Amino acid sequence: MSGAELVWVAVVWVVALAVSVGVGAWLVPWVLRHAESEPPVGAEAVTVLRGGTWIGLLERLSVTGSILAGFPAGVAIVVAVKGLGRFAELRDHPVASERFVVGTLASLVWATAIGLVARLVVHLVVTGEVPLDVLPSGEVPVDLTL
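If you're wondering where the values come from, they're calculated on a predicted model, not measured in any experiment.

Parameters and conventions
Residues numbered from 1 in each chain as written. Predicted model: local features only at pLDDT ≥ 70, side-chain atom pairs only at ≥ 80, totals over all residues. Heavy atoms only, no water. Helix = DSSP H or I, 4+ residues; strand = E, 2+ residues; numbered from the N terminus. Buried < 20%, exposed > 50% of the residue type's maximum accessible area, 1.4 Å probe, protein only. 1 Å grid on protein atoms, 1.4 Å probe; cavity = no way out; pocket = protein on both sides within 12 Å on 5 of 7 lines; lining within 4 Å. Points joined across faces, edges and corners; volume = space filled by probe spheres on them. Core = buried A, V, L, I, M, F, W, Y, C linked by side-chain atoms within 4.5 Å. Contact = heavy atoms within 4.5 Å.

Examined against the element boundaries, alanine 10 turns out to sit in helix H1 (residues 3-35). Alanine 10 sits in the partly exposed class, given a relative accessible area of 42%. Between the C-alpha atom of alanine 10 and that of valine 122, which follows or precedes it by 112 residues, the distance is 9.0 Å.

Our next topic: the layout of surface pockets. Size it by volume and the largest pocket reaches roughly 410 Å³. Lining of the largest pocket is provided by 20 residues; of these, Val28, Leu32, Gly52, Thr53 and Arg99 occupy positions nearest its centre.

Time to look at the nonpolar core. With seven residues, the main nonpolar core is built from Val9, Val12, Ala16, Leu68, Ile114, Ala118 and Val122. Elements represented by at least two residues in this core include exactly H1 and helix H5 (97-127). Residue contacts for leucine 68: discarding those within four places in its chain leaves Trp13, Ala16, Gly115, Ala118, Arg119 and Val122. Ranked by size, the runner-up nonpolar core spans six residues in total, among them Val63, Ile67, Val75 and Ala111.

Written out as structure tokens, the structure reads:
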């Protein structure tokens, strides 16, 4: 990999991680606001799930980074750690379960999508072509060399 390619790969990583964490910090609360049916219940869930904002930021950073690094098992590790860490709170306060599931799913979907798009961009930067496994069958890849 040339020096210029290495710089572009680093830029893609930084931008992807920033978008995953930054936009996700706005997107996940937006999804939660629209998913909550009863505001008083939502207020109790927020109290029970304290620290959720920081956990969500770290979750998106870890998931996007794992996908970019080609380590999809890292996503399973993040989900397992988060679930085990919140198990006692969710067991004792079932009202918080819906908020936990919706927030986690929104966060994971967003972080995964950003990670996959960034991984595709890194592949394009390094090889100059679209990976064959993302093209419809029978289609010839387009040469994108500059």
